[in-house]
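# Coordinate analysis (summary)
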Amino acid sequence: MTENSWTRWPSREALTREAATRPRRVLGWVTRSLVLAMLLWGAFNGTHVRGWGVLVAVAAILSATVVGWALFRTTLAHRLWPSLALYGVLLAIGVVAQASDFGVIALVLWCGCAITALERLPIAAALPVAVVALALYAAVNDDAWLTTLATTTGLALAGYVLRLDAEARGSAQRLLTQERAARAAEAESAALGERARIAREIHDVLAHSLSAQLVHLEAARLLIEGGADRDQILERVVAARGMARDGLAETRQALSALRGDMTPLEDFLSQLVGTDDRAEATISGERRPLPAEASQAVRRVAQEALTNVRKHAPGAKVRMRLEYGEDQVTLVVRDSGGSPGELTTAGGGYGLLGMRERAELLGGSLDAGPDDEGFMVTLKVPV
């Protein structure tokens, strides 16, 4: 059968007190204490409470307490038939109490059964329990029929109002739990993204630095094998040491950039080509600050492209152009071509792949290949 409002249980959040505020929990304890006090007063107030009467009263109160606790557990677990059976036990205890002339105990138990059934059971199951309980109450009540009708109607409405309040509280608790889970997942995703971003930056910086060092170390090896003099070999070693030092500086700069502290992109490109008289950089378009990841992508691609030129076409001239567009920034690095250098086979060949992956992560593109003169790398990054 399809679950609907008649057969649907109140949520477990609604049946517990976890979502209740402190004043509401205090009110609940006060209510339960008053109910227990009424039961005790009804048990020991009559003049007939002697001998066996005391035992009957104590047994009824203890039995009702144990059954009430079990009823709380079964309704919380959404177990219908055990819950109905326990309600039947409570109603029977009330009948025994009424027959033993403990009318207050009976009335409290029947009213409590009617209210809690409407609050904790599916409506289709709660209505029969409430009708039986309120009918027993009306049958033994000495008030006028109009007063009895008003009382039973008020009890039924009280139970239903408590049900609505509990369901609203349970819905709020579920929404709060879902919101907390979503925030935790969002924070975890952001942390993972930040870690991946930092790892990618460090990887790119180190890959560029180590690749440049490899160029000089490989040149030193070839000079040693060719019997070159000490000064030529030392020059290459010193250059490799300088690349290592520059790599550390670039790593620190990358970390600073990730924290939002970086030099302007135009200044970086000028510094990049400033030490090489065979390279030049031009800027076109309206200059403006770029997002950190876009700026870092342009910097890393410029570095990698310049290193590749020096590695694969030594002596070639390099023209680097940065163009600011309306919704993207374009970097073009073109060399004039030349004969392959002796270090062409050095390195793993992952430079272009890493640059392309970086561009695609930002929703951009990278094209690299020979042109009319030499080799050209074009990076486009949306901003």
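The rules we used
- Residues numbered from 1 in each chain as written.
- Predicted model: local features only at pLDDT ≥ 70, side-chain atom pairs only at ≥ 80, totals over all residues.
- Heavy atoms only, no water.
- Helix = DSSP H or I, 4+ residues; strand = E, 2+ residues; numbered from the N terminus.
- Contact = heavy atoms within 4.5 Å.
- Areas by Shrake-Rupley, 256 points an atom, 1.4 Å probe, with all protein chains shown as cover.
- Core = buried A, V, L, I, M, F, W, Y, C linked by side-chain atoms within 4.5 Å.
- Buried < 20%, exposed > 50% of the residue type's maximum accessible area, 1.4 Å probe, protein only.
- Axes fitted to C-alpha atoms, helices over the stretch in contact; angles between N-to-C directions.
- Parallel < 35°, antiparallel > 145°, perpendicular 65-115°, else oblique.
- Nonpolar A, V, L, I, M, F, W, Y, C, P; charged D, E, K, R; others polar.
- Pairing = 2+ DSSP bridges.
- Phe/Tyr/Trp six-rings, centres within 6.5 Å; stacked < 30°, edge-to-face > 60°.
- Lys NZ or Arg CZ within 6 Å of the ring centre and 35° of its normal.
- Arc of directions from axis to C-beta.
- Right-handed = clockwise from strand over helix to strand, strands pointing away.
- Expected span 1.5 Å × (residues − 1).
- Salt bridge = Lys/Arg side-chain N within 4 Å of Asp/Glu carboxyl O.
- pLDDT = per-residue confidence, 0-100.
- Patch = residues over 30% accessible without salt bridge, like charges linked within 9 Å, V, L, I, M, F, W, Y side chains within 5 Å.

### With respect to the overall build of the protein
- Across its full length, the protein carries 11 helices and 5 strands.
- At a minimum sequence separation of 6, the contacts of the protein that also span at least 24 residues come to 69%.
- As displayed, the protein offers around 21,600 Å² of accessible surface, 61% of which is attributable to carbon and sulfur atoms.

### Section: the nonpolar core
- By size, the foremost hydrophobic cluster in this structure holds 33 residues, and its most contacted members are Tyr87, Leu90, Ile105, Leu109, Cys113, Ala117 and Leu121.
- Broken down by secondary-structure element, the contributors of at least two residues to this core are α3 (52-76), α4 (80-99), α5 (103-120) and α6 (123-140).
- Sequence-distant contacts of Cys113, that is, excluding residues within four places in its chain, are made with Tyr87, Leu90, Leu91, Val129 and Ala133.
- Core analysis: the next-biggest nonpolar cluster, separate from the first, contains 29 residues, Val298, Met320, Met355 and Val381 among them.

### Description of the packing of helix α9 (residues 265-274) against helix α10 (residues 292-312)
- Contact geometry for α9 and α10: axes closest at 11 Å, N-to-C directions at 10°. Relative to α10, α9 is oriented roughly parallel. Residue-level contacts link Leu265, Phe268, Leu269 and Leu272 of α9 to Ser295, Val298, Arg299, Arg300, Ala302, Gln303 and Leu306 of α10.
- Of the residues contributing to the contact of α9 with α10, the split by class is 7 nonpolar, 2 polar and 2 charged.

### A few points about the sheet that holds strand β3 (residues 328-335)
- Here 5 strands make up an open sheet; going across it, the order is β1-β2-β3-β5-β4 and the pairing mixed. The two strands at the open ends of the sheet, each matched to only one other strand, are β1 (279-284) and β4 (365-370). For this sheet, the mean inter-axis angle between neighbouring strands, taken without regard to orientation, is 10°.
- Note: β3 against strand β5 (residues 375-382), 7 bridges, orientation antiparallel. Bridge pairing in β5 places Leu331 opposite Leu379.
- Strand contacts of α9: β1 and β2 (318-324), with the helix running at about 180° to β2, the strand carrying the most contacts.

### Observations regarding the packing of aromatic side chains
- As enumerated under the stated definition, the model contains 0 aromatic pairs in all.
- Over the face of the ring belonging to Phe268 we find Arg299, whose NZ or CZ atom lies 5.1 Å from the ring centre.

### Things to note about α9
- Within the sequence span of α9, burial applies to Leu265, Glu266, Phe268, Leu269, Leu272 and Val273. Take α9 and look down its axis: the buried residues cluster within an arc of 160°, on one side only. Within α9, the exposed residues directed more than 90 degrees away from the buried face are Gln271 and Gly274.

### Quick word on the pairing of β1
- Relative to β2, β1 runs parallel, the two being bridged by 6 bridges. In the sheet register, Ala279 faces β2, and the bridge partner there is Val318.
- Once the chain exits β1 it traverses α10 before rejoining the sheet at β2, and the crossover so formed is left-handed.

### Things to note about unusual backbone geometry
- The phi angle at His78 is positive, at roughly 60°, despite the residue not being glycine.
- Position of His78 relative to the elements: it lies in the loop between α3 and α4.

### So, α6
- Helix length check: α6, at 18 residues, gives a terminal C-alpha distance of 26 Å against a target of 26 Å (1.5 Å per residue), a fit within 8%.
- Listed as buried for α6 are Ile123, Ala125, Ala126, Val129, Ala130, Ala133, Leu134 and Tyr137. All buried residues of α6 project into a common sector of 145° when viewed along the axis, lining one side. In α6, those exposed residues whose orientation departs by more than 90 degrees from the buried face are Val131 and Ala139.

### Let's talk about the pattern of salt bridges
- Counting across every chain of the model gives 6 salt bridges.
- The salt bridge involving Arg169 is made with Asp165; its shortest N-O contact spans 3.0 Å. Note that Arg169 and Asp165 are positioned in helix α7 (residues 145-225) at a spacing of 4 residues, about one turn of the helix.
- Taking the relative accessible area as the measure of exposure, Arg169 reaches 11% and is therefore buried.
- You can call Asp165 partly exposed: its relative accessible area is 29%.
- Between Asp371 and Arg334 there is a salt bridge whose closest N-O contact spans 2.8 Å. Placement of the pair is Asp371 in the loop between β4 and β5 and Arg334 in strand β3, with a sequence separation of 37 residues.

### Here we look at the confidence of the model for the protein
- Considering every residue of the protein, the mean pLDDT works out to 78; 79% of them sit at 70 or more.
- Here helix α2 (residues 22-44) stands out as the element of the protein with the lowest mean pLDDT, 61, in contrast to β2, whose mean of 91 is the highest.
- The low-confidence segment residues 341-350, where pLDDT is below 50, has 15 contacts with residues more than four positions distant or belonging to other chains.

### Brief notes about the pairing of β4
- One ladder, built from 6 bridges, connects β4 with β5; its direction is antiparallel. Opposite Ser365, over in β5, you have Lys380 as the bridge partner.

### What about a nonpolar patch on the surface?
- Residues Trp145, Leu146 and Leu149 make up a contiguous nonpolar surface patch of roughly 390 Å² in combined accessible area.
- Inspection of the secondary structure puts Leu146 in helix α7.
- For Leu146, a relative accessible area of 53% gives the class exposed.

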